[in-house]
Amino acid sequence: MKTIRYTLIAAAATLAFSAAQAQTVLKFSHTDQQSGARQSAATVFAKKVEELTQGRYVVRTFCCSQLGNDPKNIEQLALGGIDFTVSATGSYATHLPTLNLTMMPFLVDNYQQGWKLYDESKWLKAQFDKAPEKGFRFLSTWEAGFRSMTTKEPLNTPADAKGKKLRTFPNEMMRWTLEAMGFNIQIMPLPEVYLAIQQGAVSGQENPVDTIYSNKFYEVAPNVTLTNHVYSPIPLAVSEKTWQKFSEADRKAVTEAAQIAAKFSREMISGNDAKQLADMTAKGAKINAKPDVEAFRKAVQPVYGQAREKFGADVDAFLKDAEMIRASVK
């Protein structure tokens, strides 16, 4: 009996070892905090990938810029150093310059318009279709929200922005927009921003509400101004080198997981804004929910001209898609 028992134990151990050996670990790197919505969606994605591939793939998530900032993550994605990342569309513009145009100011007015733009714009689909030749491909569009300001001093019009040093991420269109508003721009990695504001190196920053909340920027820059100047979703991308290793069945499974996580992300972000703003208010933040948006819209008008000078007909092609969607979705 002992011999049989030992044989069974050995066989079970062998099977467990073989199963572990059969699993492939995929690395997913992003810059959001552990408590952020990006991490929550990544957890949903990882669970679904493992489930839909019957455990052949396990996604290990590295949050909080552990493996690098957004530009570094996208660079590593293209090289095959990581398997997945999720970042603002404009962050991918280093590799696909036309994606700068997604950061043009005031393209859409609400989430429903934004979702329709990313799901149905023929121009945007054509740009995304170019990604595989750059070393990655887009799987789905996750949500981050509309970008707003957190500053030490109150902000209501472009006059209040004049001369103020504001942190943003490295994107040409964003720089043009913020400079048109009157800000002096400082580029720096997200993990450095809190301390930079606290020490006075910059007077504030701009990001979606969830990012402001999860990074607690309102603690050091308590004036939260809902300019909603740029719609800033975060497409999920996979390394093309990784994609080419997948079977057709696994490609379908990973894509389905990405779409499930995107739906989760959109619902979570759009449903959390009011609650997060209320919590920030309770902790001392001063929310300006109705700044003079028309004044900001007027200030950024030259940006569209700058974009046309550099990107030509692509600008009006994308603006036409956005205009049609704004007209169809109120």
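The model shown is predicted, which means the values in this text are computed figures rather than measured ones.

A. Molecular detail of empty space enclosed by the protein. All told, the structure shown has two cavities of 30 Å³ or more when counted by the stated rule. The space that makes up the largest cavity amounts to roughly 40 Å³. For the lining of the largest cavity, the secondary-structure elements that each account for two or more residues are α2 (37–52) and α9 (209–214). Looking at the lining of the largest cavity, its residues break down into four nonpolar, one polar and four charged. What the second largest cavity holds in volume is close to 40 Å³. Every residue lining the second largest cavity is listed: Thr151, Glu153, Pro154, Leu155, Asp160, Lys164 and Phe183.

B. Examining the confidence of the model for the protein chain more closely. Of the residues in the protein chain, 94% have a pLDDT of 70 or more, and the chain-wide mean is 94. Across residues 10–21 the pLDDT falls below 50, and counting only partners more than four positions away or on other chains, this stretch makes zero contacts in the model.

C. Quick look at the packing of helix α4 (residues 111–120) against helix α14 (residues 313–328). Closest axis-to-axis distance for the α4/α14 pair is 9 Å, and the angle between their directions is 135°. Judged by the angle between their axes, α4 and α14 are oblique. The handedness of the crossing between α4 and α14 is right-handed. Each of Gln113, Lys116 and Leu117 in α4 lies in contact with α14, whose residues at this interface are Phe318, Asp321, Ala322, Ile325, Arg326 and Ser328. When its residues are assigned to classes, the contact of α4 with α14 shows four nonpolar, two polar and three charged.

D. The nonpolar core, seen in detail. Core analysis: the biggest nonpolar cluster contains 53 residues, and Leu101, Met104, Phe136, Phe138 and Met173 have the highest contact counts within it. Excluding its chain neighbours within four sequence positions, the residues that come into contact with methionine 104 are Met173, Val230, Tyr304, Ala307, Val315, Phe318 and Leu319.

E. View of the sheet that holds strand β10 (residues 234–239). The mixed open sheet is built from five strands, whose spatial order is β2-β1-β3-β10-β4. Where the open sheet ends on each side, the last strands, each with one partner, are β2 (57–62) and β4 (136–142). Across the sheet, the mean angle from the axis of one strand to that of its neighbour is 25°, orientation sign disregarded. Sheet topology places strand β1 (residues 24–29) next to β2; six bridges connect them, and they run parallel. Across the sheet, residue lysine 27 finds its bridge partner in β2, namely arginine 60.

F. Region of interest: unusual backbone geometry. Backbone geometry places phenylalanine 106, a non-glycine residue, at a positive phi of 55°. Mapped onto the secondary structure, phenylalanine 106 falls in the loop between β3 (84–86) and α4. Unlike most non-glycine residues, asparagine 228 shows phi in positive territory, near 50°.

G. A look at the packing of aromatic side chains. Per the counting criterion, the structure on display carries 18 aromatic pairs. Plain terms: the ring middles of tyrosine 57 and phenylalanine 246 are 5.0 Å apart, the flat faces sit at 85° to each other, and that makes the pair edge-to-face. On the criterion of sequence distance, the pair formed by tyrosine 57 in strand β2 and phenylalanine 246 in the loop between α10 (240–245) and α11 (248–282) is long-range, its members being 189 residues apart. Aromatic ring contacts, followed pair by pair, group Tyr92, Tyr111, Trp115, Tyr118, Phe128, Phe136, Phe138, Phe146 and Tyr231 into a single cluster.

Cut-offs and rules
Residues numbered from 1 in each chain as written. Predicted model: local features only at pLDDT ≥ 70, side-chain atom pairs only at ≥ 80, totals over all residues. Heavy atoms only, no water. 1 Å grid on protein atoms, 1.4 Å probe; cavity = no way out; pocket = protein on both sides within 12 Å on 5 of 7 lines; lining within 4 Å. Points joined across faces, edges and corners; volume = space filled by probe spheres on them. Helix = DSSP H or I, 4+ residues; strand = E, 2+ residues; numbered from the N terminus. Nonpolar A, V, L, I, M, F, W, Y, C, P; charged D, E, K, R; others polar. pLDDT = per-residue confidence, 0-100. Contact = heavy atoms within 4.5 Å. Axes fitted to C-alpha atoms, helices over the stretch in contact; angles between N-to-C directions. Parallel < 35°, antiparallel > 145°, perpendicular 65-115°, else oblique. Left-handed = near helix turned anticlockwise from the far one by under 90°. Core = buried A, V, L, I, M, F, W, Y, C linked by side-chain atoms within 4.5 Å. Buried < 20%, exposed > 50% of the residue type's maximum accessible area, 1.4 Å probe, protein only. Pairing = 2+ DSSP bridges. Phe/Tyr/Trp six-rings, centres within 6.5 Å; stacked < 30°, edge-to-face > 60°.

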